[in-house]
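What the coordinates show
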Amino acid sequence: MKNQLLSINDLSHSDVLSILSTAAELEKITDGPTKKLPTLRGRTVVNLFFEDSTRTRISFETAAKRLSADVINFSAKGSSVSKGESLKDTAQTLQAMGADAVVIRHGSSGAAQRLADSGWISATVINAGDGTHEHPTQALLDAFTISKRFPDRKGDLTGLKVAIVGDILHSRVARSNVLLLTKLGAHVTLIAPPTLLPVGVESWPVDVTYNMDESLELFDVVMMLRIQLERMTNFFIPSEREYSRRYGLNEDRLRRMKTDAIVMHPGPMNRGLEISASSADSGRSVIVDQVGNGVLTRMAVLYLLLGGVALTEDAK
Amino acid sequence: MSAILESADIVRALKRISHEIIEKNQGLDSVVLLGIPTRGAYLAHRIAAILKELGSDVPVGTLDITMHRDDLRMRPPRPLLPTVMPIGGIEGKDVVLVDDVLFSGRTIRAALDALGELGRPKTVQLAVLVDRGHRELPIRADYVGKNLPTSAKESVKVSLMEIDNIDSVEIVGA
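Residues numbered from 1 in each chain as written. Chains lettered and ligands numbered in written order. Predicted model: local features only at pLDDT ≥ 70, side-chain atom pairs only at ≥ 80, totals over all residues. Heavy atoms only, no water.

Before going further, it helps to spend a moment on the overall build of chain A. Looking only at helices and strands, one finds 11 helices and 9 strands in chain A. The principal-axis extent of the C-alpha atoms belonging to chain A is close to 55 × 45 × 35 Å. Counting the 316 residues in chain A, one finds 59% classified as buried. Counted over contacts in chain A with a minimum sequence separation of 6, partners at least 24 positions apart contribute 76%. (Helix = DSSP H or I, 4+ residues; strand = E, 2+ residues; numbered from the N terminus. Buried < 20%, exposed > 50% of the residue type's maximum accessible area, 1.4 Å probe, protein only. Contact = heavy atoms within 4.5 Å.)

Rendered as C-alpha cells:
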C-alpha cells in the first residue's frame, strides 16, 4: 500500500480487500467494554478542513481517538486561513508541529494531491474530499457497508448491480465509488438528468441513463446522492419539485425495488428532495450503518497507513 | 535442521498440558482456552479436543494481539487476525492463553493488554508448546510442552497439520 490515500487509484485490489477485512476485525475487537486500542499512541493526526463537514470530520476524529492517536482539528473558519494564509504556510506550520498524518478536506479538486506532492510536509496525506474529484474513504465505507449487507459474497461484488442516482457532476462520492465498486466487480449504473452528468462520462466503466423508472427492479444497491445546493450556481435543474418527482426516492419507487435491495446515502440528506423521509428511515436503508462503518473503515485506513513503519522509510 | 519434536511428541506434550490444566484448576468448570493466532489458535483447539475426550467441554476462543504489539513501528503494518470470544466470555473465568513458542515474552505482554480490553478474567495462565528462553520481560509459562535451550540467533519453527500439512518443531539457522 502507498503511503498516501488520495484517490481510489492509489489502492490495488488486494489493498482494498485488506482494508475491508481489517475494518471487519476491528469491529469485533472494539465490540467489548473498551472501544479504545493503543495502536497509534503518540501519533498525531491533523484534521485539516477547509470545507464544512460534520460526518467526515467527526468520523476521522473518532477513528483516530479509538486508536489512541492525538487529534488536532483545524478548520479554515476561525484560523489564519481566513486572514489569507496560503495552503503552503498552513502545511509548513503543521509540519513544524510534528503531524504524522494530515486528513484534508478542501473545496478545490486536487488539493490533497498538491499537499502530498509539494514536499511541504512529510506526513501521510489522506484525502477526505477534494472539490468534485474524490472522497476515497467514503467509497471504502460504502463498499464495507455493502459487503456486510451481502455477507455471502465475502467482499467480492462481482455482478452486483449498483445504481448511483443524482448529482453525479458535482459528486466526489460518485467518482470514488465508481472506481472502487467496479474494481470490486460490481456493475454500476449512473442515473441523473443530462445536466448533472460530467463531460466524458461515456468513457467511464458504467452505464448511464436519464430515466430512474426504467430499471429500478434490477438493482441490489441504490445509492442516492445529495443535491448540492451550495454548488448549484447555475440552472442545473428546473425546480426542486420536478427533480424530486423524476429522481427522488419515494415510497412508490422503494416498493418496486428488489426484496433484498438496500438504500444508501452518503449524507447529509435533503429529506423530501432526493430522498423521502420514509425511504430514509425504512428497513432497506443502511444510512445509519454507513456512519458507524465509516469509523471502522477510517480506523482501518489509519492503522494500515500509520500503524507500521512506512514503506518509503524502509527503502531509505 | 532437525526435528526436535515430531507428531507423536506434540500429541504427548499437549496431552500432558491438558492433564496439568485440569490438575492446577481442580477441574475445568471455569476454564476457557484462548489461542493466539495463527498457530496458538490451532493448539488451543487441539487441547480442547483432548479435554473433550477426557469428558469436559471447554470454551475456546482466539485473541489477536496485533493492535497491542510494541514493535508495530518497526515493521510494515500486518493484517489483523481473527479474534473470537469463547462462549460465555472471559469475565471471572480462568483463562488459559495458548501459544506455540514462548521467546521474548512480548507477545504475551501484548496478549495481556488485549485481554484487559475484553474483560476481567479471574486468573490468566499461559500454555506454550515450546519455551525457548531469552525472555525480555518478567513472564513465565504455567504449562510447557518442551523446554528448548536455543541460541538467540536460531529460530524455532513450529509446523502444524492444520496449515503446514505436517506436525513438527525444528530449530532453523545458527
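Counting its regular elements, chain B contains 4 helices and 8 strands. When the elements of chain B are put in sequence order from the N terminus, they spell out β-α-β-α-β-β-α-β-β-β-α-β. Computed over the C-alpha atoms, the radius of gyration of chain B is 15 Å, within 12% of the 16 Å expected from 2.2 N^0.38 for a compact globule of 174 residues. Principal-axis analysis of the C-alpha atoms gives chain B an extent of 45 × 40 × 30 Å. By residue count, 50% of the 174 residues in chain B fall in the buried class. For chain B, the computed accessible surface area is about 8300 Å², with 52% contributed by carbon and sulfur atoms. (Rg over C-alpha atoms; globule rule 2.2 N^0.38 Å. Areas by Shrake-Rupley, 256 points an atom, 1.4 Å probe, with all protein chains shown as cover.)

This brings us to the sheet that holds strand β2 (residues 70-75) of chain A. All names here are of chain A. Here 4 strands make up an open sheet; going across it, the order is β2-β1-β3-β4 and the pairing parallel. In this open sheet, the two edge strands, each paired with only one partner strand, are β2 and β4 (124-130). With direction set aside, neighbouring strand axes in the sheet form an average angle of 15°. Pairing between strand β1 (residues 44-49) and β2: 6 bridges, direction parallel. Looking at β2, one finds that N47 is bridged to N73. Running over the sheet, helix α3 (residues 87-96) touches β1, β2 and β3 (101-106) and is turned about 160° from β1. (Pairing = 2+ DSSP bridges. Axes fitted to C-alpha atoms, helices over the stretch in contact; angles between N-to-C directions.)

All names here are of chain B. Taking 1.5 Å of rise per residue, 15 residues should cover 21 Å, and helix α2 (residues 39-53) covers 21 Å from first to last C-alpha, within 8% of that figure. For α2, the elements touching its buried residues are α1 (7-25), β2 (31-35), β3 (60-62), β4 (94-102), β5 (123-131) and α4 (161-164). G55 sits one or two residues past α2 and shows a positive phi near 110°. (Expected span 1.5 Å × (residues − 1).)

Let's shift gears to the pattern of salt bridges. On inspection of all chains with the given rule, the structure shows 26 salt bridges over all chains. In this structure, B:R140 engages B:D142 in a salt bridge whose closest nitrogen and oxygen atoms are separated by 3.1 Å. Judged by relative accessible area, B:R140 falls into the exposed class, the value being 57%. The class of B:D142 is partly exposed, set by a relative accessible area of 23%. Here the salt bridges share partners, and the residues they tie into one network are A:D213, A:E217, A:R253 and A:R256. (Salt bridge = Lys/Arg side-chain N within 4 Å of Asp/Glu carboxyl O.)

Summary statistics for chain A give a mean pLDDT of 91 and a share of 96% for residues scoring 70 or more. The low-confidence segment residues 311-316 of chain A, where pLDDT is below 50, has 5 contacts with residues more than four positions distant or belonging to other chains. (pLDDT = per-residue confidence, 0-100.)

To continue, consider the interface of chain A and chain B. The interface is formed by 22 residues belonging to chain A together with 16 residues belonging to chain B. Interface area, chain A with chain B, both sides summed: about 1700 Å², of which 60% is carbon and sulfur. Where chain A packs against chain B, one counts 0 salt bridges. Here chain A is connected to chain B by 3 residue pairs in polar contact (both at pLDDT 80 or more). Elements with a minimum of two residues in the side of chain A that touches chain B: α1 (13-29), α10 (287-306) and α11 (311-315) of chain A. The element best represented in the side of chain A that touches chain B is α1(A), accounting for 5 residues. (Buried area = accessible area lost by both parts, 1.4 Å probe. Polar contact = N/O pair within 3.5 Å; in protein donor to acceptor, adjacent residues only side chain to side chain.)

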